[in-house]
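Structural characterization, general
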Amino acid sequence: MRTRHAIHASSVVRVIVMLFIAMITIFPFLWIFSSSLKTNLEISQFPPTLLPKDPQWEAFGKLLTGDLFWQFLRNTLLLIIGNTVGTLISSSFVAYPLARLNFPGKNLVFSIIVATMMVPGITLITPQYMMFNNFGWLDTLLPMIVPAFFAYPYNVFLFRQFFRSVPKDLDEAAYIDGCGRVGMLFRILLPLSRPVFITIGILSAVFWWNELTQPLIYVNSDTWKPLTVALMTRFKFFDEGPNTVTWNYLMAVSALMILPPIALYLSASRYLVEGIKTSGMKG
Amino acid sequence: MSTTKAIQTKQARKRKIKNALSAYAFLSPWIIGFLLFSAYPIVYVFTMSFTNATMMNSGEFVQFDNYIKMFNDSGFWKSLWVTLVFSIFSVIITIIWAFCLAMLLNAQKRFNGFFQFVYFLPAVVPSVALAFSFQMIFAKDTGIFNYMIGSVTGSNFSPNWLYDETLVYPTVFFIMLFTYSTGQMMLIFRSGLKEVPRELYEAASLDGASAFQKFRNVTFPSISPILLFNTVMASIGALNGAFAILFPLTEGGPNGATNVLSLSLYREVFLNNRIGYGCCLAVILFLLAVVFASVQFAMSKKWVYYEN
């Protein structure tokens, strides 16, 4: 009897702790939505209000009826589509021999891929910037899309992990049936790998939806800025001159930027969670 | 007899060569990408760190001038120190937080989906938006955080969280709990914890092990490979991803207190147009990543437990 009470008490404590943490993790998110409905004046007043006194939809209205928001959204979507298509094709191709074939130099290639995964991207951004400058690609989205077609090490790693889990007997059977290497990849491995494609596609979309560093460095003009960079520059001083931070617009854009990933989580959380788990697999 | 054998070995060799050729054909996109976007930039960074290049001018060879300048610059040492402190603490704090959340989530049966959603929620907020919302929350006079503490304690509570050279550290570490990498680690820990064999816990219970002993002798060894993976990824993330959160949040301030190397590098190259010097900083950052990874792998031999 006593132990049952003890178990009960500990689970009550746990639920209280968990609810408290939930309040912490949800707070910035609520704050963004609440502030997006305040006037800029209300935001800078003391005492701060938890909920807007008189909800203003003006910021959202102005953003959604103007051209700028849609232009930046288009650029973000171009980045997402270009990268996702590019990396799915190239990374799955590269991962195939690493997972299924034996050839000299395989271990060396795989070690190099793992090693490049660990190089912080910002250390190599200067030479990349100079190179793209020579190509005449600065202030376009090309420096961020073209490299995706040459396989990202991290995605190669994820594909390899998945391909290794597909039984090898299938390859032998296909070989006996006169299937070539390319045929094996397209007829056997790819149809079985739909989940890993969806997963890497989602991870890539989430990454490029949030990416700040690269577009900040490669893009200058409003024409090609994605939402993240636009948030820091164009929306920070939206309509009140360069000295007044327009917090309400900042928060309205932020609120709009949170909704798609949430929708994605709610509709495809299975793939997202699965993909993140795969990346943690050993081997 | 010997001729058929010779033919067979010849065929086998032929098949092997064909195999290798097709393997490298599949690898070719990566080979090109590696040469263009990794190998060449690495060589370039090391070479350019010995020149006084600018954006317009490829500069001259100046030997160790940049390095000498860098090692004599107190700003560099501060930036290096800040990078170390920031990386090490944020890795430790986010890993502990992610691990505790994963333990709680795995213990909680009811409303599990709800809790996981709410705990993962901050991870889907873009870092720029996160930075701006915390600037508002932690604002000195108009921020909700100071106001709430002030009303609970009934005092005038107004520390300037993000603009005080000491307070900025706990504030930034707290904000790091809301990043994508923390959410990702939480999910990886969750799946790792689920795979710990139940029999081991039952056996430990029969032996009369306490909760702490179970954690030390069952949970910890079982998830140690995943812990290593998370630590390595988190420290690379701290060197790299620090930029995306600190640049909009503090811009390296106040007074250089959060000026990590990636921010210095960005400023030197893209604002001050000092490519040579910026490449020096890149070399240091690169070496730091190498040191971090090797230290972790070396230490891991002591505490990571592999089944086979």
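Computed from a predicted structure; not experimentally measured.

The rules behind these values
- Residue numbering note: each chain is counted from 1, following its sequence as written.
- Lettering for chains starts from A, numbering for ligands starts from 1, and both go in the order in which the items are written.
- Thresholds applied to this predicted model are a pLDDT of at least 70 for local features of residues and 80 or more for the giving and counting of side-chain atom pairs; totals over whole chains, interfaces and linings are not thresholded and use all residues.
- Secondary structure is summarised from DSSP: a helix means a run of H or I of at least four residues, a strand means a run of E of at least two, and numbering begins at the N terminus for each.
- Restricting the calculation to C-alpha atoms gives the radius of gyration, and the globule rule supplies 2.2 Å times the number of residues raised to the power 0.38.
- Remark: residues whose backbone-derived C-beta atoms lie within 7 Å of one another are considered to be in contact.
- Burial in this document is a count-based property: other C-beta atoms within 10 Å of a residue's C-beta are tallied, and the residue is buried at 20 or more, exposed at 12 or fewer, or partly exposed in between, with C-beta positions derived from the backbone.
- For this entry, the nonpolar core is defined as buried Ala, Val, Leu, Ile, Met, Phe, Trp, Tyr and Cys residues connected by C-beta atoms within 7 Å.
- Residue-level confidence of the predictor, termed pLDDT, takes values from 0 up to 100.

Description of the overall build of chain A
- Within chain A, the secondary structure is distributed over 14 helices and 0 strands.
- Reading chain A from its N terminus to its C terminus gives the helix and strand order α-α-α-α-α-α-α-α-α-α-α-α-α-α.
- Whereas a compact globule of 283 residues would reach a radius of gyration of roughly 19 Å, chain A reaches 24 Å, over 25% beyond that.
- Projected onto the principal axes, the alpha-carbon positions of chain A cover approximately 75 × 75 × 35 Å.
- When contacts within chain A are restricted to residue pairs at least 6 apart in sequence, those whose partners lie at least 24 apart make up 71%.

A closer look at the overall build of chain B
- A tally of helices and strands in chain B yields 12 helices and 0 strands.
- Written out in order from the N terminus, the α and β elements of chain B read α-α-α-α-α-α-α-α-α-α-α-α.
- For chain B, the spread of C-alpha atoms along the three principal axes comes to 100 × 70 × 30 Å.
- Across the 308 residues that make up chain B, the buried fraction comes to 41%.

Focus: the interface of chain B and chain A
- With 74 residues of chain B at the contact, the number on the chain A side is 64 residues.
- Counting residues per element, the side of chain B that touches chain A draws most heavily on helix H1 (residues 2-48) of chain B, at 18 residues.

Notes on the nonpolar core
Residues and elements named next belong to chain B.
- Counting 148 residues, the largest nonpolar core has Ala-129, Met-186 and Phe-189 as its most contacted members.
- A total of 16 residues in this core trace back to one element, the largest contributor, which is helix H10 (residues 211-249).
- If we ignore the near neighbours within four places in the chain, the residues touching Met-186 are Ala-98, Leu-101, Ala-102, Tyr-119 and Phe-120.

Side note on unusual backbone geometry
- You will see that Asp139(A), though not glycine, has its phi angle at about 65°, which is positive.
- On the secondary structure map, Asp139(A) appears in the loop between helix H6 (125-135) and helix H7 (142-145).

Side note on the confidence of the model for chain B
- Per-residue confidence for chain B gives a mean pLDDT of 87; residues scoring 70 or more make up 99%.
- With pTM at 0.88, the complex prediction returns an ipTM value of 0.86.

A short note on the environment of Pro195(A)
Residue and element names in this part refer to chain A.
- Residue position: Pro-195 is located in helix H11 (residues 194-210).
- Taking C-alpha positions, Pro-195 is 9.8 Å from Arg-270, a pair spaced 75 residues apart along the chain.
- When neighbours within four sequence positions are excluded, Pro-195 is seen to be in contact with Tyr-271 and Glu-274.

With respect to the environment of Met103(B)
- Of note, Met103(B) is situated in helix H3 (residues 74-107).
- As a C-alpha pair, Met103(B) and Met186(B) span 83 residues in sequence and 9.1 Å in three-dimensional space.

Side note on the environment of Thr246(A)
Residue and element names in this part refer to chain A.
- Take Thr-246: it is sitting in the loop between helix H13 (227-232) and helix H14 (247-279).
- By the C-beta count within 10 Å, which is 19 here, Thr-246 ends up partly exposed.
- Distance in space between the C-alpha atoms of Thr-246 and Ile-43 is 9.7 Å, their sequence separation being 203 residues.

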